[in-house]
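Below, each chain spelled out in residue letters.
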Amino acid sequence: MHSITKLALTALCLAAVPVVVAAQDSTKRDMPARDTLTTGALTLPSETSAPMVPTRSVLATATAAGSFNTFVAAIKTAGLTETLEGKGPFTILAPTDAAFAKLPKAQLDALLKDQAKLKAILTYHVLPGNFTSDQLVKLTSAKTLNGKTLKIASKDGKLWADNGQVTLTDMPATNGSVYPIDTVLLPN
């Protein structure tokens, strides 16, 4: 009886293979091409699939992250939306909502009313060019979009831009990259 059970299970498994393969073939029409690893009759995705290609601008990437709401609103107020959705490339050291919360409310309100000053501060957070985290840690300074030079230092495995700590999480975009920073940087 044991060999009959084995035979029945083997037959069931063999009968299921064409169904699994057919199901995979029907889903392949809707899926992008990827590297595959063929194992017996089944085709499985490999571990070396191509990295995802960014589909959003730096501004849309910051918006989608959800932790840069004040920064995105300030960009719109300063009239920089078209610039940051443009060709670029740009590397943005984007102050998080927590970074903006460190500013006294009266100072933030005054900034949001002074478009020229706001634009100068926000463009101080933008580097022309697309820098990866590996490239950023090798810099000692970088010229910003507003023309001033930002001091950059890598200490104890952390990256600092002036007095703000940059989180080295690559957030790639179609026209550059976004990196969170814990402080609103004020140019001299």
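None of the values given here were measured: they were computed from a predicted structure.

Participant: Explanation requested: the overall build of the protein chain in the structure shown.
Facilitator: For the protein chain, the helix and strand inventory stands at eight helices and 10 strands. Within the protein chain, residue pairs in contact and separated by at least 24 positions form 58% of the contacts whose partners lie at least 6 positions apart. Taken as a whole, the protein chain presents about 11,500 Å² of accessible surface, with 60% of it coming from carbon and sulfur.

Participant: Could you clarify how one ought to interpret the packing of helix α3 (residues 69–77) against helix α7 (residues 115–123) in this entry?
Facilitator: How two helices pack is summed up by the angle between their axes together with the distance between the axes. Their axes nearest at 9 Å, the elements α3 and α7 cross at an angle of 125°. Taken together, the axis directions place α3 and α7 in an arrangement best described as oblique. By crossing handedness, the relation of α3 to α7 is classed as left-handed. Contacts between α3 and α7 involve F71, A74, I75 and T77 from the first element and Q115, L118 and L122 from the second. A per-class count over the contact of α3 with α7 returns five nonpolar, two polar and no charged.

Participant: Would you mind showing me how to read the pairing of strand β7 (residues 158–161) here?
Facilitator: Side-chain direction in a regular strand flips from residue to residue, so the side chains alternate between the two faces of the sheet. Residue alternation in β7 divides its side chains into a buried set, L159 and A161, and an unburied set, K158 and W160. For strand β6 (residues 149–155) and β7, the ladder comprises four bridges, and the chain directions are antiparallel. Its bridge partner lying in β7, A153 is registered against W160. Count of turn residues in the β6/β7 antiparallel hairpin: two residues, of which D156 carries a positive phi of about 50°.

Participant: When you look at the pattern of salt bridges in this model, what are you seeing that I'm missing?
Facilitator: Pairs can form between side chains of opposite charge whenever their charged atoms are close. In this structure the tally under the stated criterion is one salt bridge. We note a salt bridge from K105 to D109, for which the minimum N-O separation is 3.0 Å. With K105 and D109 both in helix α6 (residues 105–113) and four residues apart, this pair spans about one turn of that helix. Owing to a relative accessible area of 29%, D109 belongs among the partly exposed residues under this scheme.

Participant: When you look at the side chain of T183 in this model, what are you seeing that I'm missing?
Facilitator: For T183, the location among the structural elements is in the segment after β10 (176–181). Polar contacts involving the side chain of T183 include one to the side chain of D182, which spans 2.9 Å. The contacts of T183, once residues within four sequence positions are left out, are P95, A99, K102, H125, N163 and G164.

Participant: So what exactly am I meant to see when it comes to the confidence of the model for the protein chain here?
Facilitator: One rule of thumb: low pLDDT means the predicted coordinates there are not for detailed reading. For the protein chain, mean pLDDT is 79; residues scoring 70 or higher make up 72% of the total. Scored below 50 in pLDDT, residues 3–50 makes 21 contacts in the model with residues more than four places away or belonging to other chains.

Participant: I would appreciate a short explanation of the packing of α6 against α7 in the present structure.
Facilitator: Running from amino to carboxyl end, α6 crosses α7 at an angle of 105°, the nearest separation of the two axes being 5 Å. Looking at the two axes, α6 sits roughly perpendicular to α7. Mapping the contact onto sequence places L111, L112 and K113 in α6 and Q115, K117, L118 and I121 in α7. Here the contact of α6 with α7 is composed, by residue class, of four nonpolar, one polar and two charged.

Participant: Honestly, the nonpolar core in this entry has me stumped. Any pointers?
Facilitator: V58, F68, F71, I75, L84, I92 and L122 are the most contacted members of the largest nonpolar core, which has 27 residues in total. Considering each element in turn, this core owes the most residues, four residues, to α3. Residue contacts for I75: discarding those within four places in its chain leaves L59, L80, T81, L84 and L122. L93, L159, V166 and L185 belong to the second-largest nonpolar core, a separate cluster that totals 13 residues.

How each quantity is defined
Residues numbered from 1 in each chain as written. Predicted model: local features only at pLDDT ≥ 70, side-chain atom pairs only at ≥ 80, totals over all residues. Heavy atoms only, no water. Helix = DSSP H or I, 4+ residues; strand = E, 2+ residues; numbered from the N terminus. Contact = heavy atoms within 4.5 Å. Areas by Shrake-Rupley, 256 points an atom, 1.4 Å probe, with all protein chains shown as cover. Axes fitted to C-alpha atoms, helices over the stretch in contact; angles between N-to-C directions. Parallel < 35°, antiparallel > 145°, perpendicular 65-115°, else oblique. Left-handed = near helix turned anticlockwise from the far one by under 90°. Nonpolar A, V, L, I, M, F, W, Y, C, P; charged D, E, K, R; others polar. Buried < 20%, exposed > 50% of the residue type's maximum accessible area, 1.4 Å probe, protein only. Pairing = 2+ DSSP bridges. Salt bridge = Lys/Arg side-chain N within 4 Å of Asp/Glu carboxyl O. Polar contact = N/O pair within 3.5 Å; in protein donor to acceptor, adjacent residues only side chain to side chain. pLDDT = per-residue confidence, 0-100. Core = buried A, V, L, I, M, F, W, Y, C linked by side-chain atoms within 4.5 Å.

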